Amino acid sequence: MKKEKKDISTLILNQRFLREDTHGSISMPVYSGAAFEFASAEEMESAFLGKSGRHTYSRISNPTVEAFESRIRQVSGAAHVLAVSSGMAAISNVFLTIAYAGSNIVTSTHLFGNTFSLFLVTLKAFGVEVRFCNLLDSNDVAKNIDDKTCAVFTEIITNPHMEVADLKALAETAHSRNVPLVVDSTIVPWPAFEARKFGVDLEVVSSTKYLSGGATSIGGLVIDYQTFDWSHSPRLNTLAQTAGEKAFTVKIRTEVSRNLGAYMSPQTASLQSLGLETLSLRFQRASQSCKELAAYLQTLPGIVSVQYTGLPDNPFYKISCEQFGEYPGAMLTFNLSSQAACYAFINRLKVIRRATNLFDNKSLIIHPLSTIYGPLSDEYKKMVDVPANMLRLSVGLENVEDLKADLLQAFLPKP
Ligand SMILES: *Cc1c(COP(=O)(O)O)cnc(C)c1O
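Residues numbered from 1 in each chain as written. Predicted model: local features only at pLDDT ≥ 70, side-chain atom pairs only at ≥ 80, totals over all residues. Heavy atoms only, no water.

**Regarding the overall build of the protein**
- Looking only at helices and strands, the protein features 14 helices and 12 strands.
- Against the 2.2 N^0.38 benchmark of 22 Å for 415 residues, the protein shows a C-alpha radius of gyration of 22 Å, consistent with a compact globule.
- Summarising its shape, the C-alpha atoms of the protein cover approximately 80 × 55 × 50 Å along the three principal directions.
- In the protein, buried positions account for 54% of the 415 residues.
- For the protein, the computed accessible surface area is about 18500 Å², with 53% contributed by carbon and sulfur atoms. (Helix = DSSP H or I, 4+ residues; strand = E, 2+ residues; numbered from the N terminus. Rg over C-alpha atoms; globule rule 2.2 N^0.38 Å. Buried < 20%, exposed > 50% of the residue type's maximum accessible area, 1.4 Å probe, protein only. Areas by Shrake-Rupley, 256 points an atom, 1.4 Å probe, with all protein chains shown as cover.)

Pasting the structure below:
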């Protein structure tokens, strides 16, 4: 039977880059230089005014990064993609484009540590308010939105709380009040998660994680579906009169990204482009192992609970299947009797590495409260509510039986 649409792996491997290469290189060369030369002053003028589409300076755009952005655009089905230097750069670029003094962001306290600090501490100094609510409760979200709300923001599976909001419901609530829905989709990559199907307007990704192809580099993506009517945004409504649904794209591309200077480096784009080519394969393997390990951990003595939304007894199982399919990523958390038990467990592991980061090719374990959330004040620690007896495991590409054996021996230390 002839398939209508090519599989995403084939699609990715068949992508051509935009401009011909002199030598017919099969992969995009790394254009590592800072600046590009012109034959005449007229050509320079045209390039600097954005009329010819030519590159001028690698803080603004670069052929290798452009090729990577174009590949991501095709995979995600987005209208525009901006590649930046980290996941945090993606989030800060977005909010420095849409937020303004007096505006507010509606989100929950269950956020990645630096996102929490960006909203609550960094943006606060510029007069941006963050409103924490329960994103699992539409009424609570609706109550917190007002005419100064610049976005509703959520992580698609919160890290490390592992909660899943109903994105369609969130989009509906936000859109009914003329507010865009912005999500951090780092935890589940395409093709397992297709943001545009759920009414997401802007997607941010830490490409350091799955995309980099094994923790090769730090990077971030701003993925713009051009679905939101920016004439409702006090910050972008003037621009929307001329740019229409492209108002956000124009603002971030021609102003904010240039001024912040956090564009992705060509070396990173090259590494992550290669990572993209094996993404589907690695995701399949790692997420299948993760699901198997989640079920396995539940059978071991000494486990208090296991959180993985792909387990049928998880409270988010149904919505997780609707949004992400059978394998909602390669990260799980589990609880032991105490923080001391967690430390003893971590210290006995021989295959699984003691490190932060997610979706390396190697399996990684961390005690989030004492590390990622360690620098927070007691007040903020209380707000983020990360349990002291919880460990986070990011599952890699090792043989799953070897991972099971490692987990088992860490429970049963030799006398
Ligand atoms: C890692 C991570 C980030 C930050 O990404 P960096 O590339 O480290 O800046 C943001 N959100 C989530 C969910 C993450 O896991």
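**As for the pairing of strand β12 (residues 390-394)**
- Of all 5 residues in β12, 5 are buried; the element is thus mostly enclosed.
- Here β12 shows a buried face lined by Met390, Arg392 and Ser394 and a second buried face lined by Leu391 and Leu393.
- Relative to β12, strand β11 (residues 364-366) runs antiparallel, the two sharing 3 bridges. Following the sheet pairing, Ile365 is matched in β12 by Leu393. (Pairing = 2+ DSSP bridges.)

**Topic: the sheet that holds strand β3 (residues 129-132)**
- What the 7 strands build is an open sheet, ordered β1-β7-β6-β5-β4-β2-β3; its pairing is mixed. Pairing within the sheet leaves two strands with one partner each, and these edge strands are β1 (80-84) and β3. Between one strand axis and the next, the sheet turns through 20° on average, direction left out of account.
- Bridge count for strand β2 (residues 104-107) against β3 is 4 bridges, and the pairing is parallel. Looking across to β3, one finds that Ile105 is bridged to Val130. (Axes fitted to C-alpha atoms, helices over the stretch in contact; angles between N-to-C directions.)

**What about the domain arrangement of the protein?**
- As far as domains go, the protein holds domain 1 (8-30 + 61-276) and domain 2 (280-411).
- Distance between the C-alpha centres of domain 1 and domain 2: 25 Å.
- In this complex, domain 1 contributes 39 residues to the contact, which on the side of domain 2 involves 32 residues.
- Carbon and sulfur atoms make up 67% of the area that domain 1 and domain 2 hide from each other, which totals about 3000 Å².
- Linking domain 1 with domain 2 are 0 salt bridges.
- Connecting domain 1 to domain 2 are 12 residue pairs in polar contact (both at pLDDT 80 or more).
- For the side of domain 1 that touches domain 2, the secondary-structure elements that each account for two or more residues are α1 (8-13), α5 (113-122) and α7 (167-176).
- Here the side of domain 1 that touches domain 2 gets 4 residues from one element, more than from any other, and that element is α5.
- In terms of residue class, the side of domain 1 that touches domain 2 is made up of 24 nonpolar, 11 polar and 4 charged. (Domains from an automatic or database assignment. Contact = heavy atoms within 4.5 Å. Buried area = accessible area lost by both parts, 1.4 Å probe. Salt bridge = Lys/Arg side-chain N within 4 Å of Asp/Glu carboxyl O. Polar contact = N/O pair within 3.5 Å; in protein donor to acceptor, adjacent residues only side chain to side chain. Nonpolar A, V, L, I, M, F, W, Y, C, P; charged D, E, K, R; others polar.)

**Comments concerning the environment of Lys209**
- Tracing the backbone shows Lys209 in the loop between β6 (202-206) and β7 (220-224).
- Between the C-alpha atoms of Lys209 and Ser58, which are 151 residues apart in sequence, the distance is 24 Å.
- Residues within four places of Lys209 in sequence aside, it is in contact with Thr186, Asn357, Leu358 and Phe359.

**Some points on the side chain of Asn144**
- Structurally, Asn144 is set in helix α6 (residues 138-144).
- On the basis of relative accessible area, Asn144 is assigned to the buried category, the value being 17%.
- A polar atom in the side chain of Asn144 sits 2.8 Å from the backbone oxygen of Asp140.
- Apart from residues no more than four positions distant in its own chain, Asn144 is found in contact with Asn104, Val106, Arg131, Cys133 and Thr149.

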